[in-house]
Amino acid sequence: MSKDDPPREGDVWRYSYLWRWQHARNETEGRKNRPISFVAIAKTHSGEHVLFILPITSKQPDAETHAIEIPQTELRRAGLNSSLKLWIVIDEYNLDMLERSFYFEPGEKIGSFSPKFRLTIIREF
């Protein structure tokens, strides 16, 4: 990935997401690359980019989990499998520093959500 093509809020990429339950077991890396969405990207005083990363899952969330079901049009727009029901989990996230990441891989972009759906995600987050 070049600096001219950084990830953007609302983008969907493949990423080795570390779930909260994995972290609780003292795991330090996600077990597989999965679709994720960048809910926010902030720039530090030193110019580095902090990535706020939300997981996308096909496992229907339980009543304790805050998640948003992704509409069919957004599944297609984001390059996700539109024959599946998928959710963005809102109540947990990973933080990563783009310039220092061991897990962020250039070229793993799948697609992007529309600005309207992105605002829905941000409001829920």
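All of these numbers come straight from a predicted model, not from anything done at the bench.

**Quick notes on the environment of R77**
Thought 1: Along the chain, R77 falls in helix α2 (residues 72-77).
Thought 2: Note on R77: relative accessible area 45%, which makes it partly exposed.
Thought 3: For R77, the residues in contact, after removing those within four places along its chain, are G111, S112, F113 and S114.

**Some points on the nonpolar core**
Thought 1: Core analysis: the biggest nonpolar cluster contains 15 residues, and I56, I70, L80, I88, F113, F117 and I121 have the highest contact counts within it.
Thought 2: Listed by contribution, the elements that provide at least two residues to this core are β3 (49-57) and α3 (115-124).
Thought 3: If we skip the residues at most four places from it in the chain, I70 touches I56, L75, L80, L86, W87, I88, F113 and F117.

**Points about the pairing of strand β2 (residues 33-43)**
Thought 1: Of the pairings in the sheet, the one linking strand β1 (residues 11-16) to β2 comprises five bridges and is antiparallel in character. What sits directly across from V12, in β2, is S37.
Thought 2: The sheet contact formed by β2 and β3 spans seven bridges and is antiparallel. Directly across from S37, in β3, lies its bridge partner L54.
Thought 3: Where β2 folds back on β3, the antiparallel hairpin that results is connected by five residues, among which G47 adopts a positive phi of roughly 95 degrees.

**With respect to the packing of aromatic side chains**
Thought 1: Counted under the stated rule, the structure contains seven aromatic pairs.
Thought 2: Considering the side-chain rings of W13 and F38, the 6.2 Å spacing of their centres and the 65 degrees angle between planes classify their relative orientation as edge-to-face. Here W13 is found in strand β1, whereas its partner F38 is found in strand β2, with 25 residues between them in sequence. Accessibility assignment for this pair places W13 and F38 in one class, buried.
Thought 3: On the numbers, 5.1 Å between centres and 75 degrees between planes, the contact of Y17 with W19 is edge-to-face. As far as burial versus exposure is concerned, Y17 and W19 are alike and both buried.

**Some words on the side chain of T57**
Thought 1: Its place among the elements puts T57 in strand β3.
Thought 2: Reaching out from T57, the side chain makes a polar contact with the backbone nitrogen of K59 at a distance of 3.0 Å.
Thought 3: Beyond its immediate chain neighbours, meaning those up to four positions away, T57 contacts W19, R34, K85, L86, W87 and V89.

Analysis parameters
Residues numbered from 1 in each chain as written. Predicted model: local features only at pLDDT ≥ 70, side-chain atom pairs only at ≥ 80, totals over all residues. Heavy atoms only, no water. Helix = DSSP H or I, 4+ residues; strand = E, 2+ residues; numbered from the N terminus. Buried < 20%, exposed > 50% of the residue type's maximum accessible area, 1.4 Å probe, protein only. Contact = heavy atoms within 4.5 Å. Core = buried A, V, L, I, M, F, W, Y, C linked by side-chain atoms within 4.5 Å. Pairing = 2+ DSSP bridges. Phe/Tyr/Trp six-rings, centres within 6.5 Å; stacked < 30°, edge-to-face > 60°. Polar contact = N/O pair within 3.5 Å; in protein donor to acceptor, adjacent residues only side chain to side chain.

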